[in-house]
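Listed below are the residues making up each chain.
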Amino acid sequence: MPEIAPHARAVPASGIRRITELAWSLPGAVVLSVGEPDLPTAPHVLEAAREALARDDTRYTPNGGIAPLRDAVAAWLDPEHSLPVRRDNVWITAGGAQALHLGLSLTVGAGDGVLVPDPGYPPFSMATRLLQAEAQPYALRPEDGFLPDPAAVEAAITDRTRVLLLNSPSNPLGTSLPADLVAELVDVARRHDLWVLSDECYAAFTYDAPHVPAARFDTDGRVLTLHTFSKTHAMTGFRVGVLVVPDRMAPLMPTLQESIVSCVNTPAQYAALAALTGPQDAVEDARRTYREHRDLATAILDERGIPWLPAAGGIYLWADVAHATGGDVAAWAEDLVRTAGVAVAPGSAFGAAGEGWVRISLTASAEDLRAGLSRLPARTAVAAG
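Being a predicted model, the structure only gives us computed values, none of them experimental. Counting restarts for each chain, with residues numbered from 1 along the sequence as it is written. Predicted model: local features are reported for residues with pLDDT of at least 70 only, side-chain atom pairs are reported and counted for 80 or more only, and whole-chain, interface and lining totals are derived from all residues. Where side-chain values are given, they derive from all heavy atoms of the structure, hydrogens and water being excluded.

Engineer: Whenever I open this one, the overall build of the chain confuses me. Can you help?
Structural biologist: Helix and strand counts for the chain come out as 15 helices and 13 strands. Expected size for 385 residues packed as a compact globule is a radius of gyration near 21 Å; at 21 Å, the chain falls within 12% of this value. Dimensions of the chain, computed from C-alpha atoms along their principal axes, come out at roughly 65 × 55 × 55 Å. Categorising residues by exposure relies on relative accessible area from a 1.4 Å probe, with only protein chains included: less than 20% of the type maximum marks a residue as buried, more than 50% marks it as exposed, and the intermediate range marks it as partly exposed. Evaluated residue by residue, the chain yields a buried proportion of 55% over its 385 residues. Accessible surface is estimated by sampling points in the Shrake-Rupley manner with a 1.4 Å probe; for residues, cover comes only from the protein chains shown. Taken as a whole, the chain presents about 15800 Å² of accessible surface, with 55% of it coming from carbon and sulfur. Comment: elements are numbered from the N terminus, with helices defined as DSSP H or I runs of at least four residues and strands as E runs of at least two. The size measure is the radius of gyration over C-alpha atoms, and the globule rule it meets is 2.2 Å times the number of residues to the 0.38 power.

So, in structure tokens, the structure goes:
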């Protein structure tokens, strides 16, 4: 029999998915491990999809997406970016996951290196390995508030490095990069002639300061930006994302998109157009809800003596449970599901620097947050024991 490609076997499985599927198999388990909005999709978004189906608008679109949606994205992003954002820079993708894959496909080849945050979203490394490139972690440390240290990022660069991957607001950390730090990191990439792939999928959810796009500091066309409608507009199943590329990549895009998905399904694109150009009440409600959930979760953790990282943005809270995990947070999280009926994402699923920590999803209901977090072992109780 022919062999499966070695690089396909090398892609690591998701530690988040394993814990979550285990919880789904246990009646009554509280799932705080996955970022699925517990809010409805806005009615005008659903109606736009229904209208597209009713008029039988179900054929192929241009590879990059329908023109009104691309123009709307360009108008939304242009004021915040250093270089102009036009329709040709905007490519509608099958969710943020395909935007990530497409962005890496444009910038790395076999054996090239991608600097990825550790802790960081697992598909950063998974997609890199699928393209036969090398994930090169740069550590985010508690003593730095889990923010990148530009000197440490620079020290991690090798002669194979081609891409610096940034993520703000962060999944899993909830950190949001300040403007001076973003500028410094883009400058590191410029000095070493690297691409910057900036995942800004949670840009709508910042709580303490406005979001700062990496492309604000892009003066020479090296920044690619990822966005998605999934979390912002509670549209995870619609699978609509965005990749914004520099001018010189635009001529390549139709061929690359054709080779992967051809185009995103038409009714979903009209739903995304309505989401972006219609009323934004649902987005404001989501931002307020997730901030309230953050404050609720931190209050419960405080009662249990469990340290946490302040979440300036995004939809997750990062908590330190090293007092209970015995040095293996993945095994502990699995045992927690089986014995306490609550699922949290183990920090080691996001990289070696996540050992001893867990990611808590703020998209769960307030009731689930209360029930689930109250089952975490209190630090004071463990210390006393």
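Engineer: Even after reading the chapter, I still don't get the nonpolar core, so can you show me in this structure?
Structural biologist: Nonpolar side chains tend to gather and get buried jointly when the protein is soluble and globular. What makes a nonpolar core is a set of buried Ala, Val, Leu, Ile, Met, Phe, Trp, Tyr and Cys residues whose side-chain atoms join them at distances within 4.5 Å. By size, the foremost hydrophobic cluster in this structure holds 33 residues, and its most contacted members are L100, L197, L224, L243 and V245. Residue assignment for this core shows that the elements contributing at least two residues are helix 5 (95-107), strand 3 (113-118), helix 6 (122-130), strand 5 (161-167), strand 6 (195-199), strand 7 (223-228) and helix 11 (281-303). Counting residues per element, this core draws most heavily on helix 5, at five residues. Not counting residues up to four positions away in its chain, the partners in contact with L197 are L100, G103, L104, V163, L164, L165, L166, L224, L226 and L243. Counting 32 residues, the second largest nonpolar core, distinct from the first, contains W332, V337, V342 and L369. Two residues qualify as a contact provided that any one of their heavy atoms is within 4.5 Å of a heavy atom in the partner residue.

Engineer: Is there a simple way to explain the pattern of salt bridges in this structure?
Structural biologist: By definition here, a salt bridge exists when the distance from a side-chain nitrogen of Lys or Arg to a carboxyl oxygen of Asp or Glu is within 4 Å. A full pass over the atoms with the stated rule returns 24 salt bridges. Residues participating in the shared-partner salt-bridge network are E154, D187, R190, R191, D193, D220 and R222.

Engineer: In this structure, what is going on with the packing of aromatic side chains? I would like to understand it.
Structural biologist: For any pair of aromatic rings, the description consists of the separation of the ring centres together with the inter-plane angle of the planes. For Phe, Tyr and Trp, rings pair up if their centres lie within 6.5 Å, where Trp contributes its six-membered ring, and each pair is then called stacked (planes under 30 degrees apart), edge-to-face (over 60) or tilted (otherwise). Applying the stated criterion to the full structure yields seven aromatic pairs. Ring centres of F146 and W318 lie 6.1 Å apart, and the angle between their planes is 85°; this geometry places the pair in the edge-to-face category. Placement of F146 in the loop between strand 4 (134-139) and helix 7 (150-155) and of W318 in strand 10 (residues 316-320) is noted, with a sequence separation of 172 residues between them. Owing to a relative accessible area of 0%, W318 belongs among the buried residues under this scheme. The rings of F146, W318, F350 and W357 are connected pair by pair, giving a single aromatic cluster. The residue whose ring lies beneath R55 is Y270, and the NZ or CZ to ring-centre distance is 4.6 Å. Two limits define a charge over a ring: the Lys NZ or Arg CZ must be within 6 Å of the ring centre, and within 35 degrees of the ring normal. Taking NZ or CZ as reference, R70 lies 4.5 Å from the ring centre of W91, over its face.

Engineer: Just to check I follow, could you spell out the packing of helix 11 against helix 14 (residues 366-373) for this structure?
Structural biologist: Working note: a packed helix pair is described by the angle between its axes plus the distance between those axes. Geometry is summarised by axes, namely lines fitted to C-alpha atoms with helices restricted to the contacting stretch, and by angles between N-to-C directions that run from 0 to 180 degrees. The geometry of helix 11 relative to helix 14 is characterised by a closest axis approach of 10 Å and an angle of 15° between their N-to-C directions. The orientation of helix 11 with respect to helix 14, classified from their angle, is roughly parallel. Relative to helix 14, helix 11 is oriented so that their crossing is right-handed. Each of H293, L296, A297, I300 and L301 in helix 11 lies in contact with helix 14, whose residues at this interface are A366, L369, R370 and L373. For this classification, Asp, Glu, Lys and Arg are treated as charged, while Ala, Val, Leu, Ile, Met, Phe, Trp, Tyr, Cys and Pro are nonpolar and the rest, including Gly, are polar. Looking at the contact of helix 11 with helix 14 residue by residue, the class counts come to seven nonpolar, one polar and one charged. With respect to orientation, any angle under 35 degrees is reported as roughly parallel, any angle over 145 as roughly antiparallel, any angle of 65 to 115 as roughly perpendicular, and every other angle as oblique. Take the far helix as your reference; a near helix turned counterclockwise from it by less than a right angle gives a left-handed crossing, and one turned clockwise gives a right-handed crossing.

Engineer: I'm lost on the sheet that holds strand 2 (residues 90-93) in this one. Help?
Structural biologist: Sheet architecture is open: seven strands sit in the order 2-8-7-6-5-3-4, paired in mixed fashion. Bordering the open sheet on either side are strand 2 and strand 4, each of which pairs with just one other strand. Strand-to-strand twist of the sheet, defined as the mean angle between neighbouring strand axes without regard to direction, takes the value 25°. As judged from the four bridges shared by strand 2 and strand 8 (residues 241-244), these two strands associate in the antiparallel manner. Pairing of W91 across the sheet is with L243, part of strand 8. On the sheet, helix 4 (residues 67-77) packs against strand 2, strand 7 and strand 8 and is oriented at approximately 120° with respect to strand 2. Where helix 6 meets the sheet, it contacts strand 3, strand 4, strand 5 and strand 6, and its direction lies at approximately 165° from that of strand 3. Note on pairing: two strands pair once DSSP finds at least 2 bridges between them.

Engineer: Which parts of the structure should I look at to understand the pairing of strand 8?
Structural biologist: The side chains of a regular strand alternate between the sheet's two faces. Burial along strand 8 is two-sided: the face carrying G241 and L243 and the face carrying V242 and V244 are both buried. With four bridges connecting them, strand 7 and strand 8 associate as antiparallel partners. Residue pairing across strands places H227 opposite V242, the latter belonging to strand 8.

Engineer: Honestly, the packing of helix 4 against helix 10 (residues 266-277) in this entry has me stumped. Any pointers?
Structural biologist: Across the interface, helix 4 lies against helix 10 with an axial gap of 9 Å and an inter-helix angle of 30°. Considering their axes alone, helix 4 and helix 10 lie roughly parallel with respect to each other. For helix 4 against helix 10, the interelement crossing comes out left-handed. Contact residues: helix 4 offers P68, L69, A72, V73 and W76, while helix 10 offers Q269, A272, L273, L276 and T277. Here the residues of the contact of helix 4 with helix 10 sort into eight nonpolar, two polar and no charged.

Engineer: Would you mind showing me how to read unusual backbone geometry here?
Structural biologist: Negative phi is the rule for most residues except glycine; trans is the rule for most peptide bonds. A cis amide bond links S168 with the next residue in sequence, P169, at an omega value of -10°. For P169, the position within the fold is in the loop between strand 5 and helix 8 (179-191). Of note, the amide linkage connecting N171 to P172 takes the cis form, showing an omega dihedral of 25°. With respect to the secondary-structure elements, P172 resides in the loop between strand 5 and helix 8. With a phi close to 60°, F146 is a non-glycine residue in the positive phi region. Unlike most non-glycine residues, A234 shows phi in positive territory, near 55°.

Read these as spatial facts, not as claims about activity.
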